[in-house]
Structure formats: structure tokens, C-alpha cells
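Spelled out, the chains give:
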Amino acid sequence: MKFERYGIGIAKGMAITFKHLFRPPITVQYPEEKLVVSRRIRGNELVWFPDRCTGCATCAKSCPQGNIEIATHVGSENNYVVDKFELDAGRCMFCGLCVESCPYEALAMGVSYEQAQYRRGDLVWSKEELQPLNKRPSGYARPEIEAALPKQSLLIYGDKERDEGGQKLRLIPLSKKRGRGV
Ligand code: SF4
Ligand code: SF4
């Protein structure tokens, strides 16, 4: 056993540890501070575009959970008119299969991830609640939406203001965090 060999390893390890002592914490003060999520996030919601929907029910057939309920009647131009488009987010696993299967791009994933409710019934979204007026679509399987969304902010940018992510975050130094008892 040679002392020098092991001594160098310890010194290298300690140098890395020491370097990390002066780094700011890579956390944000959620919910006051929020990161910009990935443009292709499969968030905790779905967005339905009624003007594009033909009522074909391909999305409902492709859902492994049987989660989408659609009711239609035949309109004056021999088309389907959607009477009911309902989605139970309580059973949804946000796999995105319904979005991928829609032939008319009438369905998209949403960017939100804060949809907690006290009652399961409140997780059932009607066609009015699914419309883009109330929700923000994500770029998942929708490249034209993705191009218009802000870039994701990544914490590996460090503690400086990040122009890259289009979001400015103020990270609280470790000493102040300790002072606040966090
Ligand atoms: S959302 Fe798409 S797949 Fe579903 S019924 Fe409408 S057009 Fe068809
Ligand atoms: S995201 Fe998946 S589980 Fe949810 S409604 Fe669409 S296909 Fe069904």
C-alpha cells in the first residue's frame, strides 16, 4: 500500500467538496418562483380545439384508460356536431396517445402541472373547460405550438440571470436560506 496513491485521491475528493461549498443551491423558492417548463411537456392537462374537432372519436378509441367521452349528432351538412367532450383527469396518465392519434390536431397536451383538487369530480373536465381559453397548450407532438413557446429554463445555468431560458431567477444564497430556517 503506497501512501501517496491514496493521499492524492483524498486531496482530489476534498477539492471537489470544497468547490461545492461556494456554489449557490440549485433550487428555487416554489411556488413563489417557478421555472419555465419544457416546451414539449406532457403537463397535467389537455387542451381541446373545438373548431378543428370533427367528432371522429379517434382520440377516445386510442386512450388505454377509456378516459375520453364523446357524444355527437349529425349536423345539417352531414357532419358530426360534438355535444359532449369530457375527460377525466383523475384517471388520465397523461401518456399523450390521444394527442398523437388525433388526425386533425384538435387535441394537445397542456403545460400546467398544478391541477390538484379536493374532490375527484372536479377532475372531470367538460368541453368548455378543455378549451384553449382556459388552458395553455404544450408543444408535445405539435411542432407549430412548440416554436412559439418560451425556452425551458435550466438550473445548471447557475445563479446569474438567465437570458437563455427567457426567465430571470433570483437564487437565495445558502447563508440567507439558513437564516430563514429553510
Ligand atoms: S379531438 Fe381529434 S381525434 Fe378526438 S374527436 Fe376531435 S378530431 Fe377526432
Ligand atoms: S393522455 Fe393518455 S390516458 Fe390521458 S386521455 Fe389521453 S390517451 Fe387517455
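Residues numbered from 1 in each chain as written. Chains lettered and ligands numbered in written order. Predicted model: local features only at pLDDT ≥ 70, side-chain atom pairs only at ≥ 80, totals over all residues.

Our next topic: the overall build of the protein chain. Of regular secondary structure, the protein chain possesses five helices and five strands. Starting at the N terminus and walking to the C terminus, you meet the elements of the protein chain as α-β-α-β-β-α-β-β-α-α. Buried positions account for 17% of the 182 residues belonging to the protein chain. Considering only residue pairs separated by 6 or more positions, the protein chain has 72% of its internal contacts joining residues 24 or more positions apart. (Helix = DSSP H or I, 4+ residues; strand = E, 2+ residues; numbered from the N terminus. Buried ≥ 20, exposed ≤ 12 C-beta atoms within 10 Å, placed from the backbone. Contact = placed C-beta atoms within 7 Å.)

Both faces of the sheet carry side chains from a regular strand, because those side chains alternate between them. Here strand 2 (residues 68-74) pairs with strand 3 (residues 80-88) via seven bridges, running antiparallel. Bridged to Ala71 within strand 3 is Lys84. (Pairing = 2+ DSSP bridges.)

Here we come to the site of ligand 2. In the vicinity of ligand 2, the contacting residues are Cys63, Gln65, Asn67, Ile68, Leu87, Cys92, Met93, Phe94, Cys95, Gly96, Leu97 and Cys98. For the shell around ligand 2, a count of residues per class yields nine nonpolar, three polar and no charged. (Near = placed C-beta within 6 Å. Nonpolar A, V, L, I, M, F, W, Y, C, P; charged D, E, K, R; others polar.)

Neighbouring ligand 1 are Cys53, Thr54, Gly55, Cys56, Ala57, Thr58, Cys59, Ile70, Cys102, Tyr104, Ala106 and Leu107. Along the lines of polarity and charge, the residues of the shell around ligand 1 split into nine nonpolar, three polar and no charged.

This paragraph deals with the nonpolar core. Ranked by internal contacts, the top residues of the largest apolar core, which has 21 residues, are Leu46, Trp48, Val99, Leu107 and Leu130. When residues of this core are traced back to their parent elements, those giving at least two are strand 1 (46-48), strand 2, strand 3, helix 3 (97-101) and strand 4 (107-109). Once residues within four sequence positions are removed from consideration, Leu107 is found in contact with Leu46, Trp48, Cys59, Cys98, Val99 and Cys102. (Core = buried A, V, L, I, M, F, W, Y, C linked by C-beta atoms within 7 Å.)

Judged by pairing direction, the sheet is antiparallel, and its three strands sit side by side in the order 2-3-5 without closing on themselves. Each edge of the open sheet is held by one strand with a lone partner, namely strand 2 and strand 5 (124-125). Where strand 3 lies against strand 5, two bridges are found, and the strand directions are antiparallel. Each residue of the ladder has a partner; that of Leu87, found in strand 5, is Trp125.

Now for the confidence of the model for the protein chain. When pLDDT drops low, the exact placement of atoms in the prediction is not to be read closely. Per-residue pLDDT for the protein chain averages 84, and the proportion of residues at 70 or more is 81%. Here helix 5 (residues 174-179) stands out as the element of the protein chain with the lowest mean pLDDT, 42, in contrast to helix 3, whose mean of 98 is the highest. The model gives residues 171-182 a pLDDT under 50, and that stretch makes 10 contacts with residues more than four places away or in other chains. (pLDDT = per-residue confidence, 0-100.)

Residue Pro31 is reached from Tyr30 by a cis peptide bond, and omega for that bond is 5°. Checked against the element boundaries, Pro31 lands in the loop between helix 1 (3-21) and strand 1. One non-glycine residue, Phe94, lies in the positive phi region at around 50°. Following the sequence through the fold, Phe94 ends up in the loop between strand 3 and helix 3. Assessed through the 18 C-beta atoms surrounding it within 10 Å, Phe94 is described here as partly exposed.

Here the focus is the environment of His73. Along the chain, His73 falls in strand 2. Sequence separation between His73 and Gly55 is 18 residues; the distance between their C-alpha atoms is 9.1 Å. If sequence neighbours within four positions are ignored, His73 has contacts with Val81 and Asp83.

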